[in-house]
Amino acid sequence: MMETTALEIELSDELEAMRDAVRNFVRKELGPWAQEIDKTGEIPDGLFELMQKNGYCGMRLPTEYGGGGLSLFQYCIALEEFSRLHRAFTIAANYSSGMTPMAITRHGTPEQKEKYLRGFAQGKLKSGFALTEPEAGSDPAGMRTRAEKRGDKWVLNGRKHYISGGHVADVIMVMAVTDPEKRARGGITAFLLDRGTPGFTVTRVDTTIATDAIKLAELTFEDCELPASAVVGEVGAGFKVAMRSLNDGRLSVSCSCVGAAESLLDMATEHSKNRRTFGKLLAERQAIQWMLADSAMEIAAARALAYDTLRRLEAGKDVASAGSMCKLFCSEMVGRVVDRVVQIHGGMGVIRGFPVERFYRDVRHYRVGEGASEIQRIVIARDLLRGIKITD
Ligand SMILES: Cc1cc2nc3c(=O)[nH]c(=O)nc-3n(C[C@H](O)[C@H](O)[C@H](O)COP(=O)(O)OP(=O)(O)OC[C@H]3O[C@@H](n4cnc5c(N)ncnc54)[C@H](O)[C@@H]3O)c2cc1C
């Protein structure tokens, strides 16, 4: 771990204690699991058991359902610690505390909460979140998946893709058009879909450039019947439910980027103190020092932005545009940091099986998922240019 305090930010005693507890858990328990994940490309069931035993399943869920009752800020700090070691741990945490479990917590009926939340907290259920479609990624309001009311049932038809963990999820929140005239303005509804529901098939599973533990599923719905009780929140409120979830997602991605970047800087600092070229340590070269310094500065700035936004969110402020700034800055920051860190490691930085190389592939996702960089820039600019009519 870094010896400098320059990257730290004053935390409350409570947050600091929580961060230290997660940090210890990661250091003491998760190393062998990271190796197994790299070997098999899967997140093993045993990891969920270990996480559950230590209170890391359902971290954000209400305590009355067995959850940890953490705030978004606390959860983000936990993800920052997980992502120092391996991206897969943040995926595992999100299965039980990510967008769908939190949408159920916020908007679900008492029956939905009873049915799902305990299962998440017990590490028995995994969730998925299905918004993106082949024809509707950055512009999800253009989605084609349709849910029509027939009698007291909803009938789902369409296709989603790039759904993280969609192939293993026990329950997936699926956004579908219920009123084609209204679309994002009251015509999209969120539904809870259980694995095994007739008419629902996982039709493809994609792996990506990142760790194989991340798999993106294509989901197909053919006359898939859902009961009226599957609706999350109000009929027609699904777009708002999804956007509210994505706001949280952007902040948790931001902190995951900070954790990964700090871990990478640790590796580069250590390497530069040990590797000699032309009779001198890399650490003695100004070119290397500048890469380390720039990385440290950017990590400190990213963390300050993310924590400040989380604090303002906790104080009830509107942080939609600030959340986009965090996601944009932190995801681009870790891209720059990892590139420098690969460079500092030379050949070792690109050898398969060496952590730097895996981080290099893993962090590339962050500039695409949960709203790509360009979309975050659009959100920020629209906020600045309020009052000007922007048509596209
Ligand atoms: C690792 C990963 C996990 C994911 N997990 C999920 C998940 O669990 N659930 C889910 O629903 N989705 C998920 N996604 C999908 C993700 O949300 C989409 O990939 C993303 O929103 C971009 O959509 P797209 O891929 O269709 O790209 P496109 O929308 O086709 O965009 C392509 C490029 O054009 C840019 N662009 C688009 N519109 C504009 C514009 N108006 N101006 C300027 N540039 C523009 C984009 O920024 C992007 O760079 C995941 C994606 C990844 C990579």
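You'll find the structure just up there.
These remarks concern the structure in this document.

Ranked by internal contacts, the top residues of the largest apolar core, which has 43 residues, are Leu 30, Ile 43, Leu 47, Met 51, Met 59, Phe 82 and Phe 89. Within the residue set of this core, elements represented by two or more residues are helix 1 (13-40), helix 2 (45-53), helix 3 (72-85), helix 4 (87-97), helix 7 (238-274) and helix 8 (286-314). Looking at this core element by element, the count peaks at 9 residues for helix 1. Excluding residues within four positions of it along the chain, Ile 43 makes contact with Ile 37, Phe 48, Ala 88, Ile 91, Ala 92, Tyr 95 and Ala 213.

Once that is clear, we can look at empty space enclosed by the protein. The method is simple in principle: a probe with the dimensions of a water molecule rolls over the atoms, and the space it marks as empty is what remains. The tally for this structure, following the rule as stated, stands at 2 cavities of 30 Å³ or more. Of the volumes computed, that of the largest cavity is approximately 40 Å³. Its residues assigned to classes, the lining of the largest cavity shows 4 nonpolar, 2 polar and 3 charged. Counting residues domain by domain, the lining of the largest cavity receives three or more from each of domain 1 (13-121) and domain 3 (240-384). Of the voids in this model, the second largest cavity is the one considered here, and its volume is about 30 Å³. As for the second largest cavity, its lining consists of Ile 91, Tyr 95, Ser 164, Gly 165, Ala 213, Ile 214 and Lys 215.

Taken together, the 9 bridges between strand 3 (residues 153-164) and strand 7 (residues 215-227) define a ladder with antiparallel strand orientation. Paired with Ser 164 across the bridge in strand 7 is Leu 216. Sheet topology note: the strand 6 (residues 200-207)/strand 7 ladder contains 7 bridges and is antiparallel. Its bridge partner being in strand 7, Asp 206 is matched across the sheet by Leu 216.

In this section: the site of the ligand. Around the ligand lies a shell of 18 residues, among which Phe 129, Thr 132, Ser 138, Tyr 162 and Glu 374 are the nearest. The contact in question runs from a nitrogen atom of the ligand to an N or O atom on the backbone of Phe 129, over 2.7 Å. Separating a nitrogen atom of the ligand from a side-chain N or O atom of Ser 164 is a distance of 2.9 Å. Broken down by secondary-structure element, the contributors of at least two residues to the shell around the ligand are strand 1 (127-130), strand 3 and helix 11 (373-384). Built from parts of two domains, the shell around the ligand gets at least three residues from each of domain 2 (127-236) and domain 3 (240-384).

Analysis parameters
Residues numbered from 1 in each chain as written. Predicted model: local features only at pLDDT ≥ 70, side-chain atom pairs only at ≥ 80, totals over all residues. Heavy atoms only, no water. Core = buried A, V, L, I, M, F, W, Y, C linked by side-chain atoms within 4.5 Å. Buried < 20%, exposed > 50% of the residue type's maximum accessible area, 1.4 Å probe, protein only. Helix = DSSP H or I, 4+ residues; strand = E, 2+ residues; numbered from the N terminus. Contact = heavy atoms within 4.5 Å. 1 Å grid on protein atoms, 1.4 Å probe; cavity = no way out; pocket = protein on both sides within 12 Å on 5 of 7 lines; lining within 4 Å. Points joined across faces, edges and corners; volume = space filled by probe spheres on them. Nonpolar A, V, L, I, M, F, W, Y, C, P; charged D, E, K, R; others polar. Domains from an automatic or database assignment. Pairing = 2+ DSSP bridges. Near = heavy atom within 4 Å. Polar contact = N/O pair within 3.5 Å; in protein donor to acceptor, adjacent residues only side chain to side chain.

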